[in-house]
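Per-entry structural report
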Amino acid sequence: MARPSATTLESECTAEERTLLMETLKNSAFSGAHLEIGTAAGGTLKEMMGQYAPDARPDFFVIDPLTYYPDQENIITRNLISAGIDPNLVTFWKGVTQDFIDPARASGQMFDFVFIDGDHRHYYVTVDLQWADCVTKGGVIALHDHGAAFPGVGWAIDTFLAHNPDFKIEARAGSLTILRRIAVTKRPAVTAADLRHARRVHLMFRWKRSLKKRLGLR
Ligand SMILES: C[S@@+](CC[C@H](N)C(=O)[O-])C[C@H]1O[C@@H](n2cnc3c(N)ncnc32)[C@H](O)[C@@H]1O
């Protein structure tokens, strides 16, 4: 069965998470590009874009495999149009971070704001955190589903922050965490060794979970 957002066209974030997200955008007065990783029906996307006057709206990018539900692409298009937003203003990168990060780095693409809300498992959140290299000083990385339901998100954030003092937790609401870039001293933010480590932890976590299930321990 398709997720509710396929028909409601609403954000998958709670009201308090959206309030923090929108206040962060408003208070930051960003003019550089924004990236959302994982958009579902585009419910949060349309609200974020709606934060800006049409003549002052930064460029928006989305990365998503667009297989969340049937016809996802048309659902997003319809949703943006219903909010008075031209879908052509969004650059859709159909796929995952690994398909786009190298060309983006090579072209010098930078973002003031990155919202990570795609695959919440340890390895994939770490993969998405590679976009930190493209975040401007003063820019933000927001991560959704940081909580007990998705242990991969918290693990990836903690591991990332332990290696990246350039980023600090600025705020949290519900399962939304806002990281602010306060300096630019280290690149890459996520090394090949970090990715290998995340892959090992991810596989170990999956193995432990399936073992527990087989043993009837939840
Ligand atoms: C939880 S929903 C996103 C909700 C949306 N951000 C919102 O606030 O309404 C997850 C989305 O991530 C996409 N997705 C899944 N794996 C992904 C990945 N590795 N990279 C990018 N997007 C991914 C799915 O297709 C889906 O659209």
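Structure report, in brief.

Some words on the overall build of the protein chain
- Scanning the protein chain from N- to C-terminus turns up 8 helices and 7 strands.
- For a compact globule of 218 residues, the expected C-alpha radius of gyration is about 17 Å, and the protein chain comes in at 17 Å, within 12% of that figure.
- Seen along its three principal axes, the alpha-carbon backbone of the protein chain occupies a region of about 55 × 45 × 30 Å.
- With 218 residues in all, the protein chain has 48% of them scored as buried.
- Long-range contacts, defined here as pairs at least 24 residues apart, represent 75% of the contacts in the protein chain between residues at least 6 apart.
- Taken as a whole, the protein chain presents about 10,900 Å² of accessible surface, with 55% of it coming from carbon and sulfur.
- Within the protein chain, one finds 26 positive and 25 negative side-chain charges whose respective centroids are separated by 10 Å.

With respect to the site of the ligand
- In the vicinity of the ligand there are 19 residues, among which E12, G38, T44, D64 and D117 approach most closely.
- The contact in question runs from an oxygen atom of the ligand to an N or O atom on the side chain of D64, over 2.6 Å.
- The side chain of D117 places a nitrogen or oxygen atom 2.7 Å from a nitrogen atom of the ligand.
- Look at the ligand: alone it shows 610 Å² of surface, and the protein chains cover 91% of it.
- Looking at the shell around the ligand, its residues break down into 8 nonpolar, 6 polar and 5 charged.

Comments concerning the pairing of strand β2 (residues 60-64)
- The element β2 is largely enclosed, with a buried count of 5 among its 5 residues.
- Burial along β2 is two-sided: F60, V62 and D64 and F61 and I63, pointing in opposite directions, are all buried.
- In terms of strand pairing, strand β1 (residues 34-37) meets β2 through 4 bridges, oriented parallel. By the bridge assignment, H34 is partnered in β2 with F60.
- Chirality of the crossover, the property in question, places the unit of β1, helix α3 (residues 43-50) and β2 among those that are right-handed.
- When β2 meets strand β3 (residues 90-94), the two strands line up parallel, connected through 5 bridges. Paired with V62 across the strands is F92, a residue of β3.
- A crossover connection joins β2 to the parallel β3 through helix α4 (residues 72-82); in handedness this β-α-β unit is right-handed.

Definitions and cut-offs
Residues numbered from 1 in each chain as written. Predicted model: local features only at pLDDT ≥ 70, side-chain atom pairs only at ≥ 80, totals over all residues. Heavy atoms only, no water. Helix = DSSP H or I, 4+ residues; strand = E, 2+ residues; numbered from the N terminus. Rg over C-alpha atoms; globule rule 2.2 N^0.38 Å. Buried < 20%, exposed > 50% of the residue type's maximum accessible area, 1.4 Å probe, protein only. Contact = heavy atoms within 4.5 Å. Areas by Shrake-Rupley, 256 points an atom, 1.4 Å probe, with all protein chains shown as cover. Lys, Arg positive; Asp, Glu negative; His and termini not counted. Charge placed at Lys NZ, Arg CZ, Asp CG, Glu CD. Near = heavy atom within 4 Å. Polar contact = N/O pair within 3.5 Å; in protein donor to acceptor, adjacent residues only side chain to side chain. Nonpolar A, V, L, I, M, F, W, Y, C, P; charged D, E, K, R; others polar. Pairing = 2+ DSSP bridges. Right-handed = clockwise from strand over helix to strand, strands pointing away.

Limitation: the analysis is restricted to geometry and does not speak to function.
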